[in-house]
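# Structural description and commentary
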Amino acid sequence: GGYIWVYDVGRKSVSGDGREVIISVLIDITQRVSDEETLRNESKRDSLTGLYNRKGATELVLRNVGHKGRYLYLMADLDHFKQVNDIYGHDCGDMVLQFFAEQLREQFRKNDVLCRIGGDEFIIYLPECDSQQSVVEKLTVISQNYCNMIQKLYPKSNSTVSFGGVYGDVLDRPEALYRAADQVLYKVKHSRKGQIMLEPIQGMERG
């Protein structure tokens, strides 16, 4: 019921009765292909959270550049995360990052791109996303669950989550999306942390 990968080596020859034949040797390379696929996947994943790393997320977004359809591109930042590490230790900081990553997986679809850029920064790319309100509701749940966990386990850190993102109907290049979302996140971080802000991406929104 399955399949294997093979490496096929063959050569043309002549049989004892003068007929032309092909002699072929098949080498089972299933394990090698599996190992290579595992390495490719691991190179695109963040080892701590299991989310995509920046390389993996960028590749997926690039595939859809120019695609028409509503989307959201978000950045998330864990406010005062350094306080978790400084007060409770880096092991606790790792558990906080893993908890947040799991919250993202629980709320969003399998085809949504969830990425840890590094440190306490994350990217969320939602293709074919027609309802901004439903996304805000999901982000609110994530934020509340995160804050509840922090208050229970790491209250001295006062860590919260800030979300900033852009939406449009024709997907721009990853670097342009990142800059635009980062600008929105900057507004949140320098006004009132722990909030959610979404804005149309300039030049890409058409109503």
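Located above this text is the structure these notes cover.
Residues numbered from 1 in each chain as written. Predicted model: local features only at pLDDT ≥ 70, side-chain atom pairs only at ≥ 80, totals over all residues. Heavy atoms only, no water.

To continue, consider the nonpolar core. If you look at the biggest cluster of nonpolar residues, it comprises 30 residues, and the most contacted ones within it are L78, V96, F100, L104, F108 and I124. Among the elements of the structure, β3 (68–79), α3 (81–88), α4 (90–107), β5 (121–126), α5 (132–153) and β6 (160–170) are those that each provide at least two residues to this core. With residues near it in sequence (within four places) discarded, L78 still touches V96, L97, F100, D120, F122, Y146, S159, T160 and V161. Counting residues in hydrophobic clusters, the runner-up holds 20 residues, among them L60, Y73, M75 and V166. (Core = buried A, V, L, I, M, F, W, Y, C linked by side-chain atoms within 4.5 Å. Buried < 20%, exposed > 50% of the residue type's maximum accessible area, 1.4 Å probe, protein only. Helix = DSSP H or I, 4+ residues; strand = E, 2+ residues; numbered from the N terminus. Contact = heavy atoms within 4.5 Å.)

Turning next to the state of the cysteines. Within the structure shown, the criterion is met by 0 disulfides. Unpaired in terms of disulfides, C147 finds its nearest cysteine sulfur in C92, a separation of 17 Å. (Disulfide = S-S within 2.5 Å.)

This paragraph deals with the pairing of strand β4 (residues 113–118). Counting buried positions over the 6 residues of β4 gives 5, a clear majority of the element. As judged from the 5 bridges shared by β4 and β5, these two strands associate in the antiparallel manner. Looking across to β5, one finds that L114 is bridged to I124. (Pairing = 2+ DSSP bridges.)

What follows is about the packing of aromatic side chains. With the rule as written, the count across this model stands at 4 aromatic pairs. Geometrically, the ring pair formed by F100 and Y146 is edge-to-face, given 6.0 Å between the ring centres and 85 degrees between the ring planes. You can see F100 sitting in helix α4 and its partner Y146 sitting in helix α5, a full 46 residues away along the chain. One aromatic cluster in this structure is built from F100, F122, Y146 and F163. Cation over ring: R45 sits above Y52, and NZ or CZ is 3.9 Å from the ring centre. (Phe/Tyr/Trp six-rings, centres within 6.5 Å; stacked < 30°, edge-to-face > 60°. Lys NZ or Arg CZ within 6 Å of the ring centre and 35° of its normal.)

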